[in-house]
Amino acid sequence: MGVAAHLGIRLAEYDRRIRTFIPDYDEMLDVAAAAVPARARMLVDLGIGTGALAARCLKIAPRARIVGIDVDPEILTMAARRFRDRATLAAGTFLRTPLPSCDAVVASFALHHVRTRAAKAALYRRVRAALRPRGLFVSVDCQPARDPAVRRVQRDAWLAHLRRSYTATQATKLLAAWSREDVYVPLDSEFALMRRCGFRVEVLWRRGSFAVLRGAR
Ligand SMILES: C[S@@+](CC[C@H](N)C(=O)[O-])C[C@H]1O[C@@H](n2cnc3c(N)ncnc32)[C@H](O)[C@@H]1O
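Keep in mind that this is a model prediction, so the values were computed, not measured. (Residues numbered from 1 in each chain as written. Predicted model: local features only at pLDDT ≥ 70, side-chain atom pairs only at ≥ 80, totals over all residues. Heavy atoms only, no water.)

Enquirer: Is there a simple way to explain the site of the ligand in this structure?
Expert: The ligand sits among 17 residues. The nearest are Tyr14, Tyr25, Gly47, Asp70 and Ser108. Measuring from an oxygen atom of the ligand, one finds a side-chain N or O atom of Asp70 at 2.6 Å. One nitrogen or oxygen atom from the side chain of Ser108 is found 2.6 Å from an oxygen atom belonging to the ligand. Taken together, the residues of the shell around the ligand break down into nine nonpolar, six polar and two charged. (Near = heavy atom within 4 Å. Polar contact = N/O pair within 3.5 Å; in protein donor to acceptor, adjacent residues only side chain to side chain. Nonpolar A, V, L, I, M, F, W, Y, C, P; charged D, E, K, R; others polar.)

Enquirer: Mind showing me how you'd approach the pattern of salt bridges here?
Expert: Note on pairing: side chains with opposite charge can pair once their charged atoms come close. Applying the stated criterion across every chain yields a total of 11 salt bridges. Close ionic contact of Arg207 with Glu27 constitutes a salt bridge, the shortest N to O distance being 3.1 Å. Placement of the pair is Arg207 in strand E6 (residues 200-207) and Glu27 in helix H3 (residues 25-34), with a sequence separation of 180 residues. Owing to a relative accessible area of 38%, Arg207 belongs among the partly exposed residues under this scheme. Where Asp103 meets Arg132, a salt bridge forms, and the shortest distance between an N and an O atom there is 3.1 Å. Taken together, the residues Asp103 in strand E4 (residues 102-108) and Arg132 in strand E5 (residues 131-142) connect sequence positions 29 residues apart. We classify Asp103 as buried; its relative accessible area is 8%. Beyond isolated ion pairs, a larger network of salt bridges with shared partners links Arg19, Asp26, Asp30 and Arg56. (Salt bridge = Lys/Arg side-chain N within 4 Å of Asp/Glu carboxyl O. Helix = DSSP H or I, 4+ residues; strand = E, 2+ residues; numbered from the N terminus. Buried < 20%, exposed > 50% of the residue type's maximum accessible area, 1.4 Å probe, protein only.)

Enquirer: What exactly am I supposed to notice about the sheet that holds strand E3 (residues 87-91) here?
Expert: Each strand in a sheet pairs with its neighbour through backbone hydrogen bonds, running either in the same direction (parallel) or in the opposite one (antiparallel). Strand order in this open sheet of seven strands is E3-E2-E1-E4-E5-E7-E6, and the pairing throughout is mixed. Where the open sheet ends on each side, the last strands, each with one partner, are E3 and E6. Ignoring which end each strand starts from, the neighbouring axes of this sheet average 15 degrees apart. Here seven bridges tie E5 to strand E7 (residues 210-216), and the two strands are oriented antiparallel to one another. For Leu136, the partnering residue across the bridge sits in E7 and is Ala216. Its contacts with the sheet put helix H4 (residues 52-60) on strand E1 (42-46), strand E2 (65-70) and E4, and the angle it makes with E4 is roughly 140 degrees. Running at roughly 175 degrees to E3, helix H5 (residues 73-83) makes contact with E2 and E3 of the sheet. (Pairing = 2+ DSSP bridges. Axes fitted to C-alpha atoms, helices over the stretch in contact; angles between N-to-C directions. Contact = heavy atoms within 4.5 Å.)

Enquirer: Can you walk me through unusual backbone geometry in this structure?
Expert: As a rule of thumb, non-glycine residues mostly have phi less than zero, and peptide bonds are mostly trans rather than cis. Its identity is not glycine, yet Arg84 carries a phi of approximately 50 degrees, on the positive side. You can see Arg84 is positioned in the loop between H5 and E3. You can call Arg84 exposed: its relative accessible area is 67%. With phi around 70 degrees, Arg134 is a residue other than glycine that occupies positive phi space. Structurally, Arg134 is set in strand E5.

Enquirer: What's the story with the environment of Phe199 in this structure? I'm lost.
Expert: One can find Phe199 in the loop between helix H9 (187-196) and E6. For Phe199, a relative accessible area of 3% gives the class buried. Sequence separation between Phe199 and Arg214 is 15 residues, and the spatial gap between their C-alpha atoms is 8.6 Å. Among residues more than four places away in sequence, those in contact with Phe199 are Tyr124, Val127, Arg128, Leu131, Phe137, Met194, Gly215, Ala216 and Arg217.

See below:
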């Protein structure tokens, strides 16, 4: 399913609507980009979308080239307009597309599309193998708490964010639709998974259901 159908929007609206869907979207992308080494020459963005994270990374690492992978060719046309010759864009799944040797791999709100822990582990091992010495993996995603009571509070905070732009019914329907299609791995499990795949992991940012994680090679 393409991004527009998954989110129930027109693709041209993506950059505006994503902020109505995800609380603290800009803050999280800023934190993730700030973790990228300024010396980086090659960055890979998994599920690059329109390129919001990659664009921020280029401000931090101005000599870098971007390789952006996305399964939705339509959204890649928007990324292509944004980056022109600064990026190489590959249409396909990051679960199979070969990853070039690079200084950092970044991903924002893309890895919850990976359906199983085994597939995620296989991806993380490939990510680690692609990283050069001192390379980093930075992931921004929904990683809720394990405790059901805390998880409920986090969900209510997400609903409150949605309620700024949508009715209560619409907000509840949006979360229900996404949670049928997306896999939100609890933060402690995601941390452990990255560690098992060989990363030294740090939580760079945490608020509500969302987190920015850094894995050092
Ligand atoms: C919610 S969007 C996030 C886009 C962008 N990273 C951002 O932060 O705005 C998720 C993106 O991941 C892409 N995606 C989902 N599964 C994928 C896969 N297996 N391989 C490559 N891209 C994938 C979607 O097409 C979509 O562009």
